[in-house]
Protein chains: 2
Amino acid sequence: MADDVHPAIAARLDDDGQRYTSGRRKLVEVLVGAGRPLTAAEVLVEGDLAQSSAYRNLAVLEACGVVHRVAGSDEFARFELAEDLTDHHHHHLICTSCGAVADFTAPERLEASVDALARQVAATAGFAADHHRLDLFGRCAACHAADHTADHDT
Amino acid sequence: MADDVHPAIAARLDDDGQRYTSGRRKLVEVLVGAGRPLTAAEVLVEGDLAQSSAYRNLAVLEACGVVHRVAGSDEFARFELAEDLTDHHHHHLICTSCGAVADFTAPERLEASVDALARQVAATAGFAADHHRLDLFGRCAACHAADHTADHDT
DNA sequence: ATTTATGCAAATCGTTTGCAAACCT
DNA sequence: AGGTTTGCAAACGATTTGCATAAAT
């Protein structure tokens with residue numbers, strides 16, 4: 001279902017005078033396969049290309065609007081396909097324990113409220129908002145389970 | 001008005017077996033004075049203490065819940081006083097051009113919606129959310145003005 | 001043939017850490 | 001004194017970059 005992102009990506013790269021090389025395609029496929037934001041290290045392992053190429057190509061893909069950089073709670077940058085290439089706008093669940101980042105979709109009603117807020121801020125603060133970030137921080141299911149296991153010692 | 005944060009901070013540090021040294025007080029005062037998240041570099045300049053002390057004390061203050069780390073769109077970590085020491089919960093306007101981060105407050109109604117969302121996610125995804133981040137990205141007033149100036153050449 | 005992408009290894013830069021002197025209690 | 005904090009300089013680690021080779025047009 002999400003395999004025909006490639007033509008769109010090729011076009012987007014071409015618009016920017018960039019080639020859709022095999023290395024870049026590999027990066028994209030890793031990201032498509034993951035379905036969640038990946039760290040550079042994760043991309044490196046799964047994509048098996050040189051570290052420098054991974055970083056360089058992620059930068060190119062980001063500049064062309066193919067890939068989006070996600071800031072989590074740890075020191076690692078994470079990357080995912082741009083929202084307009086996949087299904088839709090989404091947000092992140094960020095685990096403050098293990099750093100994992102997962103996607104989730106917010107109700108349309110909430111998105112509408114945030115958009116209204118953006119317009120209001122633009123008007124009052126002279127800030128031209130063009131997108132937003134709405135993330136939840138907490139403990140993922142896995143870390144939550146680990147907590148309970150650890151509690152047995154208490 | 002916001003100068004009596006010190007007793008609360010001292011107490012919070014004390015609870016953690018930490019001292020409220022002059023260096024730490026200086027950091028806090030710089031952050032109070034700024035009224036917006038500051039990078040480590042900004043704190044260093046205004047607080048004039050050793051780089052290592054600044055980072056170390058920011059880490060201590062963060063661990064004690066006095067200072068909160070804010071991720072912007074650039075590579076610099078930013079720090080601000082914890083929300084429960086200042087007035088209230090707020091969000092950030094992040095300039096994608098110069099990286100500046102400013103505070104703003106969202107309508108109560110929106111916060112309520114986000115909280116409801118958090119509860120819903122907790123229930124469906126097994127994710128225990130404890131706080132959220134709602135930030136707007138765009139161009140700040142200054143960068144916006146600079147754009148217009150540059151447009152004169154067009 | 002010429003331009004662009006790749007891989008390796010070295011450099012970069014924000015941040016962290018080891019250690020000895022200064023500080024507080 | 002006993003433990004903590006400080007400042008300096010060196011270390012660290014994720015990311016970036018220089019340069020020579022390989023690939024694409």
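Preceding block: the structure.
Conventions and cut-offs
- Residues numbered from 1 in each chain as written.
- Chains lettered and ligands numbered in written order.
- Predicted model: local features only at pLDDT ≥ 70, side-chain atom pairs only at ≥ 80, totals over all residues.
- Heavy atoms only, no water.
- Near = heavy atom within 4 Å.
- Polar contact = N/O pair within 3.5 Å; in protein donor to acceptor, adjacent residues only side chain to side chain.
- Buried < 20%, exposed > 50% of the residue type's maximum accessible area, 1.4 Å probe, protein only.
- Helix = DSSP H or I, 4+ residues; strand = E, 2+ residues; numbered from the N terminus.
- Pairing = 2+ DSSP bridges.
- Contact = heavy atoms within 4.5 Å.
- Buried area = accessible area lost by both parts, 1.4 Å probe.
- Salt bridge = Lys/Arg side-chain N within 4 Å of Asp/Glu carboxyl O.
- Nonpolar A, V, L, I, M, F, W, Y, C, P; charged D, E, K, R; others polar.
- Axes fitted to C-alpha atoms, helices over the stretch in contact; angles between N-to-C directions.

(A) View of the protein's contact with DNA strand C. Taken together, 18 residues are adjacent to DNA strand C, and Ser53(A), Arg56(A), Gln51(B), Ser52(B) and Tyr55(B) come closest. A share of 62% is what sugar and phosphate atoms reach among the atoms of DNA strand C within 4 Å of the protein. Between DNA strand C and Ser52(A) there is a distance of 3.0 Å, counted from a base nitrogen to a side-chain nitrogen or oxygen. Here a phosphate oxygen of DNA strand C sits 3.0 Å away from a polar atom, N or O, in the side chain of Asn57(A).

(B) Expanded view of the pairing of strand β4 (residues 91-95) of chain A. All names here are of chain A. For β4, the buried fraction is high: 5 of the 5 residues fall into the buried class. Burial along β4 is two-sided: the residues His91, Leu93 and Cys95 and His92 and Ile94 are all buried. Where β4 meets strand β5 (residues 101-104), 4 bridges bridge the pair, whose relative direction is antiparallel. When the bridges of β5 are listed, histidine 92 appears paired with aspartate 103. The sheet contact formed by β4 and strand β6 (residues 128-139) spans 4 bridges and is parallel. Bridging from a neighbouring strand, isoleucine 94 pairs with phenylalanine 137 of β6.

(C) Focus on the interface of chain A and chain B. Between chain A and chain B, the contact holds 34 residues from the first and 34 residues from the second. Here chain A meets chain B over a buried area of about 2,900 Å², counting both sides, of which 68% is carbon and sulfur. The largest contributions to the chain A side of the interface with chain B come from Phe127(A), Arg133(A) and Phe137(A), which together make up 26% of the buried area. Counting across the interface, chain A meets chain B through 2 salt bridges. Residue Arg133(B) is joined to Asp135(A) by a salt bridge in which the shortest nitrogen-to-oxygen separation is 2.8 Å. For the side of chain A that touches chain B, the secondary-structure elements that each account for two or more residues are β4, α5 (108-125), β6 and α6 (141-151) of chain A. In terms of residues, the side of chain A that touches chain B owes the most to one element, β6(A), which gives 12 residues. Considered class by class, the residues forming the side of chain A that touches chain B number 21 nonpolar, 8 polar and 5 charged.

(D) Region of interest: the pattern of salt bridges. All names here are of chain A. Tallied over the full model, the rule gives 12 salt bridges over all chains. Close ionic contact of arginine 12 with aspartate 84 constitutes a salt bridge, the shortest N to O distance being 3.1 Å. Placement of the pair is arginine 12 in helix α1 (residues 5-15) and aspartate 84 in the loop between β3 (77-81) and β4, with a sequence separation of 72 residues. Residue classification places arginine 12 among the partly exposed positions, given a relative accessible area of 23%.

(E) Examining the sheet that holds strand β2 (residues 67-71) of chain A more closely. Residue and element names in this part refer to chain A. Here we have 3 strands laid out as an open sheet, ordered β1-β3-β2, and antiparallel in their pairing. Unpaired on one side and paired on the other, β1 (38-39) and β2 mark the two borders of the sheet. Examined bridge by bridge, β2 and β3 share 5 bridges and lie antiparallel to one another. Within β3, the residue paired with arginine 69 across the bridge is phenylalanine 79. Each of β1, β2 and β3 touches helix α2 (residues 22-34); the most contacted strand, β3, lies at about 90° to it.

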